[in-house]
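Architecture and fold: a report
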Amino acid sequence: MKIQWYPGHMTKAMRAMKEDVKLVDLIIELVDARAPMASRNPDIDELGKGKGRLILLNKADLASEAANAAWTEFFKGKGFQVMRIDARSKSDLKQIHAHIQEACKEKIERDRKRGILNRPVRAMVVGIPNVGKSTFINSLAGKASAKTGNKPGVTRGNQWIRLNKQVELLDTPGVLWPKFDDEETGLKLAFLGSVNDEILDREELASLLASRLLTIAPRLLEERYGISIAERKQEGEASERTAKASERTAETAERTAKALEQPAGYKILCQIAEARSCITKGGAADVPRAAKLLLEEFRGGKLGRITLELPA
């Protein structure tokens, strides 16, 4: 499944960011803790040359704790300040000012030597769509200073937010890059909801996600949906479903048999559909509804703490 999404407003946004970066001391980059590398725009490193850097592993509460620790050490090894956060939690952000000061300590010391005291740190907040930038800013500011939404593309223009006398933030739109390096990156971003669902085949995407979860988090799938993914039991249940379908109508039996020939991820969607009573009037599994359900529940962390990638 090849995925590319780079609407025109992102080109304009990146152009504005390249101009505005001249005004800031620090780049605060939010990444999705469930896929920290896939959710990093590679253009940000070039944009942030010569600036302080702070990486925020957002949605860390949805990712594996062991993986969070591994990614924290990985980014520290690159010379970044790093924090694991849930942008909705104000308590998680109590240490943010200490990290900002540490990331900008060289700049602050230069100002001090030049007799410039108490000048606020100006920080640009960057990240891909739907990674939680505006939620982070609002939690930090203690008020709704930036627009938020659970879909990509809510923030379209840059806006300054003054937190206090020490820090000013520049909120920027979520920006991807013109072409993903590989198919895997695009898939992970689509799983996370950072690509507009309207350009995707959601049934295929959910099937691919189910296949991935079957490999990395089978127990969580079983627990969330009350299904069994053990091969022997799955085959037995599938045969039983086919038999029952045959008793209902020949047409339903044909659909069910066809479903059983599909890849593992599609079969999981069929099981989820039955477990959650997503059934069509004809008695078949309503796979589109199950696909929507799986994507929403994975993105919302309802399956449990899952990380899609680890540091190389």
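Definitions and limits used
Residues numbered from 1 in each chain as written. Predicted model: local features only at pLDDT ≥ 70, side-chain atom pairs only at ≥ 80, totals over all residues. Heavy atoms only, no water. Helix = DSSP H or I, 4+ residues; strand = E, 2+ residues; numbered from the N terminus. Buried < 20%, exposed > 50% of the residue type's maximum accessible area, 1.4 Å probe, protein only. Contact = heavy atoms within 4.5 Å. Polar contact = N/O pair within 3.5 Å; in protein donor to acceptor, adjacent residues only side chain to side chain. Phe/Tyr/Trp six-rings, centres within 6.5 Å; stacked < 30°, edge-to-face > 60°. Lys NZ or Arg CZ within 6 Å of the ring centre and 35° of its normal. Pairing = 2+ DSSP bridges.

1. Observations concerning the overall build of the chain
Looking only at helices and strands, one finds 13 helices and six strands in the chain. Out of the 312 residues belonging to the chain, those deemed buried represent 51%. In the chain, of all internal contacts separated by at least 6 residues, the share reaching a separation of at least 24 is 69%.

2. Some words on the environment of Ser-89
Tracing the backbone shows Ser-89 in the loop between strand E3 (81–85) and helix H4 (96–103). For Ser-89, a relative accessible area of 17% puts it in the buried group. Distance in space between the C-alpha atoms of Ser-89 and Ser-139 is 7.0 Å, their sequence separation being 50 residues. One polar contact links Ser-89 to Ser-91, side chain to side chain, over a distance of 2.9 Å.

3. Quick look at the packing of aromatic side chains
Within the structure shown, the criterion is met by five aromatic pairs. Taking the centre distance of 5.3 Å and the plane angle of 80° together, the rings of Trp-71 and Phe-74 count as edge-to-face. Note that Trp-71 and Phe-74 are positioned in helix H3 (residues 65–77) at a spacing of three residues, about one turn of the helix. Summarising the aromatic geometry, the rings of Phe-74 and Phe-75 are spaced 5.2 Å apart at their centres and angled 80° between planes, so their arrangement reads as edge-to-face. With a relative accessible area of 22%, Phe-74 lands in the partly exposed category. Through a chain of ring-to-ring contacts, the aromatic side chains of Trp-71, Phe-74, Phe-75 and Phe-80 assemble into a single cluster. The ring of Phe-298 carries the charged tip of Arg-34 above its face, separated from the ring centre by 5.5 Å.

4. Describing the pairing of strand E4 (residues 121–126)
Taken across its six residues, E4 has five buried, putting it largely inside the fold. As defined by bridge partners, strand E1 (residues 26–32) adjoins E4 across four bridges and the pair is classed as parallel. If you follow Ile-28 over to E4, its bridge partner there is Val-125. Pairing of E4 with strand E6 (residues 167–171), which is carried by five bridges, proceeds in the parallel orientation. Within the sheet, the bridge partner assigned to Val-125 lies in E6 and is Asp-171.

Taken by themselves, the reported measurements are silent on function.
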